[in-house]
Amino acid sequence: MLKFYKPYSSSTFSSTHSTSFFNYSFLIFQTQSLSFSSSSSSSSSHSSPPTPDHVSHLILDQKTATQALETFRWASSFPKFAHTQSTYRALIHKLCIFRRFDTVKQLLDEMPHSIGSPPSDDIFITIVRGLARARMIRSVIKVLDLVYKFRDTPSLKIFNAILDVLVKEDIDIAREFYRKSMMANGVEGDDYTFGILMKGLCLTNRIAEGFKLLQLIKSRGVTPNTVVYNTLLHSLCKNGKVGRARSLMNEMEEPNDVTFNILISAYCKEENLVQAIVMLEKCFALGYVPDVISVTKVVEVLCNAGRVTEAAEVLDKVESMGGSLDVVAYNTLIKGFCGEGKVKVGVHFLKQMESKGFLPNVDTYNILISGFCEARMLDLALNLFNDMKTDGVKWNFITFDTLIRGLCSKGRIEDGFSILELMEESKEGSRGHISPYNSIIYGLFKQNRFDEAAEFLTKMGKMFPRAVERSLKILEHCKEGTIEDAKRVYDQMIDEGGTPSIIVFDCLVRGFSGEGCVREAVELMNEMIANNCFPVPSTFNAIITGFCAQGKVESALKFMEDITARGCEPNAETYSPFIDVLCRKGDLQKALQLFLEMVEKGIQPDHFIWNSLLLSLSQENYFKSKNIFNIDDLL
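Residues numbered from 1 in each chain as written. Predicted model: local features only at pLDDT ≥ 70, side-chain atom pairs only at ≥ 80, totals over all residues. Heavy atoms only, no water.

An unreviewed UniProt entry lists the protein under the name Pentatricopeptide repeat protein, with Crotalaria pallida as the source organism. The heading Sequence similarities (unreviewed entry) in the UniProt record of the protein holds the text "Belongs to the PPR family. P subfamily." (UniProt positions renumbered as here; feature names shortened; annotations may be inferred.)

Enquirer: Residue-level account of the overall build of the protein, with values.
Expert: Helices and strands together make up the secondary structure of the protein, namely 37 helices and zero strands. Taken over the C-alpha trace, the protein has a radius of gyration of 38 Å; the compact-globule value for 635 residues is 26 Å, which it surpasses by more than 25%. Overall, the protein is about 125 × 65 × 50 Å in size when its C-alpha atoms are taken along their principal axes. Counting every position in the protein, which comprises 635 residues, the buried fraction comes to 48%. Across the protein, contacts joining residues at least 24 apart in sequence account for 60% of those joining residues at least 6 apart. Accessible surface for the protein amounts to roughly 31,300 Å². Of this, 50% is attributable to carbon and sulfur atoms. (Helix = DSSP H or I, 4+ residues; strand = E, 2+ residues; numbered from the N terminus. Rg over C-alpha atoms; globule rule 2.2 N^0.38 Å. Buried < 20%, exposed > 50% of the residue type's maximum accessible area, 1.4 Å probe, protein only. Contact = heavy atoms within 4.5 Å. Areas by Shrake-Rupley, 256 points an atom, 1.4 Å probe, with all protein chains shown as cover.)

Enquirer: Give me the lowdown on the state of the cysteines, citing residues and values where you can.
Expert: For the structure shown, the criterion picks out zero disulfides. Here Cys303 stays free of any disulfide, with the sulfur of Cys338 as its closest cysteine sulfur at 10 Å. Residue classification places Cys303 among the buried positions, given a relative accessible area of 9%. Summary of cysteine pairing: Cys583 is not part of a disulfide, and the nearest cysteine sulfur, belonging to Cys548, is at 12 Å. Classification of Cys583 as buried rests on a relative accessible area of 11%. (Disulfide = S-S within 2.5 Å.)

Enquirer: Can you lay out the packing of helix α15 (residues 257–269) against helix α16 (residues 273–285) for me, pointing to particular residues and giving the numbers?
Expert: Helix-helix packing is described using two parameters, namely the angle between the two axes and the distance between the axes. In the contact formed by α15 and α16, the axes pass within 8 Å of each other and the chain directions differ by 160°. On the basis of their axis angle, the class for α15 and α16 is roughly antiparallel. Considering only the axes of α15 and α16, their crossing is left-handed. Within the contact between the two elements, α15 uses Phe260, Leu263, Ile264, Tyr267 and Cys268 and α16 uses Gln275, Ala276, Met279, Leu280, Lys282 and Cys283. Tallied by class, the residues present in the contact of α15 with α16 amount to nine nonpolar, one polar and one charged. (Axes fitted to C-alpha atoms, helices over the stretch in contact; angles between N-to-C directions. Parallel < 35°, antiparallel > 145°, perpendicular 65-115°, else oblique. Left-handed = near helix turned anticlockwise from the far one by under 90°. Nonpolar A, V, L, I, M, F, W, Y, C, P; charged D, E, K, R; others polar.)

Enquirer: Kindly report on the layout of surface pockets, identifying the contributing residues and their values.
Expert: Roughly 1,000 Å³ of volume is contained in the largest pocket. What lines the largest pocket is a set of 39 residues, and nearest its centre among them are Ser409, Tyr442, Lys446, Cys533 and Phe534. By residue number, the principal contributor to the lining of the largest pocket is helix α25 (residues 435–446), which donates six residues. Counted by class, the lining of the largest pocket contains 15 nonpolar, 15 polar and nine charged residues. By volume, the second largest pocket amounts to about 350 Å³. Contributing to the lining of the second largest pocket are 15 residues, with Thr332, Lys335, Gly336, Gly339 and Ile367 lying nearest its centre. Elements with a minimum of two residues in the lining of the second largest pocket: α17 (292–304), α19 (327–339) and α21 (362–374). For the lining of the second largest pocket, the element with the highest residue contribution is α21, accounting for six residues. In the lining of the second largest pocket, the residues fall into four nonpolar, seven polar and four charged. (1 Å grid on protein atoms, 1.4 Å probe; cavity = no way out; pocket = protein on both sides within 12 Å on 5 of 7 lines; lining within 4 Å. Points joined across faces, edges and corners; volume = space filled by probe spheres on them.)

Enquirer: I'd like a rundown of the packing of aromatic side chains, residues and numbers included.
Expert: Tallied over the entire structure, the rule returns 17 aromatic pairs. Ring centres of Phe72 and Tyr88 lie 4.9 Å apart, and the angle between their planes is 70°; on these two criteria the pair is classed as edge-to-face. Of this pair, Phe72 sits in helix α3 (residues 65–76) while Tyr88 sits in helix α4 (residues 85–97), placing them 16 residues apart in sequence. An identical accessibility class is assigned to Phe72 and Tyr88; each is buried. A cation over a ring is seen here: Lys317 above Phe284, with NZ or CZ 5.7 Å from the ring centre. (Phe/Tyr/Trp six-rings, centres within 6.5 Å; stacked < 30°, edge-to-face > 60°. Lys NZ or Arg CZ within 6 Å of the ring centre and 35° of its normal.)

What follows is the structure, given as structure tokens:
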């Protein structure tokens, strides 16, 4: 049996209540247009008793179990008032919260005499849920014993309530309860029962047993409902079995919008754009509209594939069918256009979004500011930054960080300093992030203002003492030629969550390249790029020199192609080691090809390149034997 405790005594709740309690009850009762005297301990003279709904609300408003019981007994003092199932249920709910299950049992026993009817299903379900909240899971099953005291057979509603609690706790206990307490007594269950069991099996990834349950339902001549199918579909997709889920969907008589949401999201997760679109079109064809989360995922996958126009068409279709969108869906689309370099189209959708009642948020503006910075439209980025203040959208750290990086990387250092100053004055501040300051160093470094960059790094010591200390140690080790010690400090810095500046990366890359450790230098440069710090010529030229020093011209050429594709601009120092090593190898023809390529790009050859070519030409006597080109024309 369910374990209960010492029952309350009727003497515990005398007709004389505390003045404070009655004053509290009076104030609440009075606001509901009911009057009674707070000074009198008897309410027999009141002509207008409270209604059961009023009493139920008063009971639920009490802060303790004792006050709830006092309110219940106080209402009983009205001659014309009679408690109902609803007032008992309110009190039992409150007592369960405070684990007063002893008093609950007494209340159940009194109900047939007090109101002339036994406890209802809702009351027993309230007890089931109260025991579940109290983590008394085994006692939940024993609620059936309480039910049997008042009726021959518990209703299916009560069985399902118990089963639902058990499934959330332990599927094996739930299945045993279904077999021994339900099936053994001829209670087979309904759609809700099978839905609960399927949910339990799928939550524990027992997909094979879920299919057995599906077959069991069918074998009884019952068509599994959509909820049962969708639960199994979701579990299949969650475990990466999207193809099997699609096959299962074909068995369904009536797939609904949830069905399509599950499969569309699963295909998007796999980046299977073709199937995601197929499911989306099928969903539309059946008159269903996916939810905004699924729609946003489709838009994101389309944008990632560069199909931004189709992504915009998806949003139009959803709206035309009465579906709901939100700012996140539009932000995803705007980000897609910005990623394609079509920032002004992104602005168009910003205005469209506003016209449809979706107010842009800080993420919307941050996406567009980043897009303008990438497109080198820095003035438009600054205009948008100022518009945020006018439109009442607060700048956040990402706003400042994005704009400072964009300005500094494109040579607008002074503007970068101005935004940095605004950031420091704002409530947001740097939030402990070093990246905006590293962007300033990067901008100075790109302009060959090395002393200013080093000075700025030192000044950062007050805000980021550990990062600056580590940086200075790395620079010192590189200067002394102890590159392994420098790398050890760098690893410590990374392990501590630090982000090195361009000065540190450049120093380490040149250090490793100088030691012949070109592979390590390339790895460092990749880490550098991953931190949004694109290499300057001095950095990648060191790697090219390292490759050429080892005679790996093809590797050096491949490396130059890669960095050029990333937007890095080579200079004369980039070509110098190539031409030098090719001339030394006697491959003058290839050296001259690189020379011409360099000249066509508008890069002026330095004296090292001229020396290499002229020395090679004179040694090979090319002036006399070959008429390749006129040196005077090149000069």
